[in-house]
Amino acid sequence: EAPPPGKAADAGLRAGRAWISRLLVAILIFLALLIPLLFSGAPGVAPKLYANEVVSAFQVMEQITPQRPVLLAADFEAASTGEMKWISRYVLAPALSRNLPITIMSTNLFGSVIMEEYARDLLKEINPPPGGGIVNLGYLPGGTIGLMSLAEDWKKALPYTTELQVSGDVPMLKSLGRLSDFGGVLVFTDSAETAKAWVEQVAPALGSTPLLMVVSAQAAPMLQPYYDSGQVDGIISGVYGALVFDRLAQNSQSPGSLFASYQLTLLAVAMLILVGGLSYFIFKSMSSDKG
C-alpha cells in the first residue's frame, strides 16, 4: 500500500535535505584539504610542545653510529601506506643523511618492498656522501612464532636477502652474530598488537640495543605504557610526532603545506562535530516544546 501523498512528500524532503547536508560536509572537508595544497604559502602551526617519547626516540637515533646497521621492520598494512610513507620521510631522512646502514624486513608480504622504495627515493633526494647502504631481508613468515625465531637467531630466520644473497655474507651484516648486535631496531606499524608482539618476543633478546616504535596515531595510546616502563626506548606517533622528530633534527624550518592541510582538515572535522551536536540538541529541544 502506497503511503499518503503528504507523508511521501515529507519523506522526499527529508531525504533531499540529508543529501544536501552530506554534500556540504564533503565540500567543506575537501576545501580544507585542498586549500593549503593549492596555495603553497598557507602556514601550518608548528608544534611547540615536544612529547618525551619523541625526544627520547630522537636522542637514541642520534647515538647510533654508522658502524652498526639499523634493523627496520615495515609491519604496516596497505591501508596505512599513505600515512606511513609521510612519517617515514621525516624519520628516515636524518638517518640516511648520516649514512646509517639500513636493513629492512617485514612480517607481512609487501611491507619491506614498500619501505625499500621509500628509502631509495629519499636517498636520491638527499644524495648523501658514499657510505651507508640498504639491504632488504624481505618477508619473515609465522607472525609471533617468526618473531621468536628472529630473536633466537636472525640469520636462520632471514637466511637470504631479496636479491637471493646469503644474509650472513652481506658485508654490512657479517659481523652481526646476534640481534642485539644491530645498532637499533625501528618498528614501523599501524597495529598496537604487532607492536606488542615485538616488545614481548623480541625486546628481551635486544639487551641494551634500543627498540623504537614508529606508529600510526591510533596505535600510539596502547603503546604508551611500554615506553613508561622502559620496554620501548622511544615512540614516534602519527604525522604530528614525525613533524616533531623532523624539527628536532632541524631538517626543515616550517611545517609545510601538507601538514597545514592535515591541521585544517582536523579543524574542519572538529567544527562539523560541534555544529552537528549543537544542532541536534537545539532541534530536539524545539520538538519537545512543540509536543
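Residues numbered from 1 in each chain as written. Predicted model: local features only at pLDDT ≥ 70, side-chain atom pairs only at ≥ 80, totals over all residues. Heavy atoms only, no water.

S.K.: Can you help me understand the packing of aromatic side chains in this one?
M.R.: Pairs of aromatic rings are described using the distance from one ring centre to the other and the angle between the two planes. The tally for this structure, following the rule as stated, stands at two aromatic pairs. Between Phe58 and Phe245, the aromatic rings sit 5.7 Å apart at their centres with planes inclined by 80°, giving edge-to-face as the arrangement. In this pair, Phe58 is assigned in helix 2 (residues 52-63) and Phe245 in helix 10 (residues 238-248), connecting sequence segments 187 residues apart. Phe245 carries the same exposure label as Phe58, and that label is buried. (Phe/Tyr/Trp six-rings, centres within 6.5 Å; stacked < 30°, edge-to-face > 60°. Helix = DSSP H or I, 4+ residues; strand = E, 2+ residues; numbered from the N terminus. Buried < 20%, exposed > 50% of the residue type's maximum accessible area, 1.4 Å probe, protein only.)

S.K.: Please explain helix 5 (residues 144-152) as it appears in this structure.
M.R.: Note that an α-helix has 3.6 residues per turn; residues three or four places apart therefore point the same way. Considered for burial, the residues of helix 5 that qualify are Gly146, Leu147, Leu150 and Ala151. Here the buried residues of helix 5 occupy an arc of 140° about the axis, which is enough to place them on one side. Facing away from the buried surface of helix 5 by more than 90 degrees, the exposed residues are Ile145 and Glu152. Buried residues belonging to helix 5 abut strand 2 (102-106), helix 6 (154-157), helix 7 (192-201) and helix 8 (203-206). (Arc of directions from axis to C-beta. Contact = heavy atoms within 4.5 Å.)

S.K.: Looking at this structure, I do not really get the packing of helix 2 against helix 10. What am I missing?
M.R.: Any two packed helices are characterised by the angle at which their axes cross and by the distance between the axes. Following both chains from N to C, one finds helix 2 and helix 10 inclined at 45°, their axes separated by 10 Å at the closest point. Classed by the angle they form, the pair helix 2 and helix 10 counts as oblique. As for the relative orientation of helix 2 and helix 10, their crossing is right-handed in sense. Of the residues in helix 10, those in contact with Val54, Val55, Ala57, Phe58 and Met61 of helix 2 are Gly241, Val244, Phe245 and Leu248. Within the contact of helix 2 with helix 10, the residues separate by chemical class into eight nonpolar, one polar and no charged. (Axes fitted to C-alpha atoms, helices over the stretch in contact; angles between N-to-C directions. Parallel < 35°, antiparallel > 145°, perpendicular 65-115°, else oblique. Left-handed = near helix turned anticlockwise from the far one by under 90°. Nonpolar A, V, L, I, M, F, W, Y, C, P; charged D, E, K, R; others polar.)

S.K.: Would you mind going over the pattern of salt bridges with me for this structure?
M.R.: Close approach of charged atoms lets side chains of opposite charge pair. If you walk through the whole model with that rule in mind, you get three salt bridges. Across the salt bridge formed by Arg89 and Glu125, the nearest N and O atoms sit 2.6 Å from each other. With Arg89 in helix 3 (residues 81-97) and Glu125 in helix 4 (residues 111-126), this residue pair connects regions lying 36 residues apart in the sequence. The class of Glu125 is exposed, set by a relative accessible area of 51%. Of the charged contacts, one joins Glu116 and Arg120 as a salt bridge, the two residues approaching to 2.9 Å between their closest N and O atoms. Taken as a pair, Glu116 and Arg120 lie in helix 4 at a separation of four residues, close to a single helical turn. Arg120 sits in the partly exposed class, given a relative accessible area of 33%. (Salt bridge = Lys/Arg side-chain N within 4 Å of Asp/Glu carboxyl O.)

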